[in-house]
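Chain by chain, the residues run as shown.
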Amino acid sequence: MLTRDGASSGKGTDSAVCGDPVRATDGETEQAIERLAEGFPYVGVLEEWSKSMSLLHAMFGGTCQAQEFFSGNSNSNSSAYDNSVLQGWTDEQDGKVY
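Residues numbered from 1 in each chain as written. Predicted model: local features only at pLDDT ≥ 70, side-chain atom pairs only at ≥ 80, totals over all residues. Heavy atoms only, no water.

Enquirer: How would you explain the overall build of the protein chain if you had to name every residue and give the values?
Expert: Within the protein chain, the secondary structure is distributed over four helices and zero strands. Listed N to C, the secondary structure of the protein chain is α-α-α-α in terms of helices and strands. Counting over 98 residues, the protein chain shows a buried share of 16%. Taking the contacts inside the protein chain whose residues are at least 6 apart along the sequence as the reference set, 48% of them involve residues at least 24 apart. Accessible surface, the protein chain: about 7300 Å² in total, of which carbon and sulfur atoms supply 55%. (Helix = DSSP H or I, 4+ residues; strand = E, 2+ residues; numbered from the N terminus. Buried < 20%, exposed > 50% of the residue type's maximum accessible area, 1.4 Å probe, protein only. Contact = heavy atoms within 4.5 Å. Areas by Shrake-Rupley, 256 points an atom, 1.4 Å probe, with all protein chains shown as cover.)

What follows is the structure, given as structure tokens:
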């Protein structure tokens, strides 16, 4: 659960782990969004890998290299995944963070 990871203290004391059936609270979601906005100077998006690499260089310098535009994941396009097993379920809190 992305939201729980972003809201955790990172010290190993939080009981929530990926796959925890307890949904993240609105407070945890707000905290994750705040930490993402204030604690990371740059966040790339896998679904927009090429744009993310270009933005990284625009923000921090350097020139783009051909090898940076290969994400290393042949399934990086989210449409390649079979989401039917989710039966329409979405994680509302993670959607807010994303």
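Enquirer: Please provide a residue-by-residue account of the packing of aromatic side chains, values included.
Expert: On inspection of all chains with the given rule, the structure shows one aromatic pair. Considering the side-chain rings of Tyr42 and Phe60, the 6.4 Å spacing of their centres and the 85 degrees angle between planes classify their relative orientation as edge-to-face. You can see Tyr42 sitting in the loop between helix 2 (26-39) and helix 3 (49-60) and its partner Phe60 sitting in helix 3, a full 18 residues away along the chain. Here Tyr42 falls in the buried class, since its relative accessible area comes to 19%. (Phe/Tyr/Trp six-rings, centres within 6.5 Å; stacked < 30°, edge-to-face > 60°.)

Enquirer: Summarise a nonpolar patch on the surface; cite the residues concerned and give the values.
Expert: Taken together, the side chains of Leu36, Phe40 and Val43 make up a nonpolar region of the molecular surface, amounting to roughly 250 Å² of accessible area. By secondary structure assignment, the location of Val43 is in the loop between helix 2 and helix 3. (Patch = residues over 30% accessible without salt bridge, like charges linked within 9 Å, V, L, I, M, F, W, Y side chains within 5 Å. Salt bridge = Lys/Arg side-chain N within 4 Å of Asp/Glu carboxyl O.)

Enquirer: Outline helix 3, listing residues and values.
Expert: Over its twelve residues, helix 3 extends 16 Å from the first C-alpha to the last, a length consistent with the 16 Å expected when each residue adds 1.5 Å. Those residues of helix 3 that fall on the buried side of the exposure criterion are Ser52, Met53 and His57. The buried residues of helix 3 occupy an angular sector of 135 degrees when projected down its axis, which confines them to one face. Of the exposed residues in helix 3, those oriented more than 90 degrees away from the buried face are Lys51 and Ala58. (Expected span 1.5 Å × (residues − 1). Arc of directions from axis to C-beta.)

Enquirer: Tell me about the pattern of salt bridges, and name the residues and values.
Expert: Evaluation of the coordinates by the stated rule reveals three salt bridges. For Lys96, the salt bridge is made with Asp26, and the minimal N-O distance between the two is 3.6 Å. Highlighted residues: Lys96 in helix 4 (residues 92-97) and Asp26 in helix 2, separated in sequence by 70 residues. When its relative accessible area of 41% is taken as the criterion, Lys96 is described as partly exposed. For Lys51, the salt bridge goes to Glu48, with nearest N and O atoms at 3.6 Å. Classification of Lys51 by relative accessible area gives exposed; the value is 60%. We classify Glu48 as partly exposed; its relative accessible area is 38%. Taken together, the salt bridges that share partners define one network made up of Asp26, Glu92 and Lys96.

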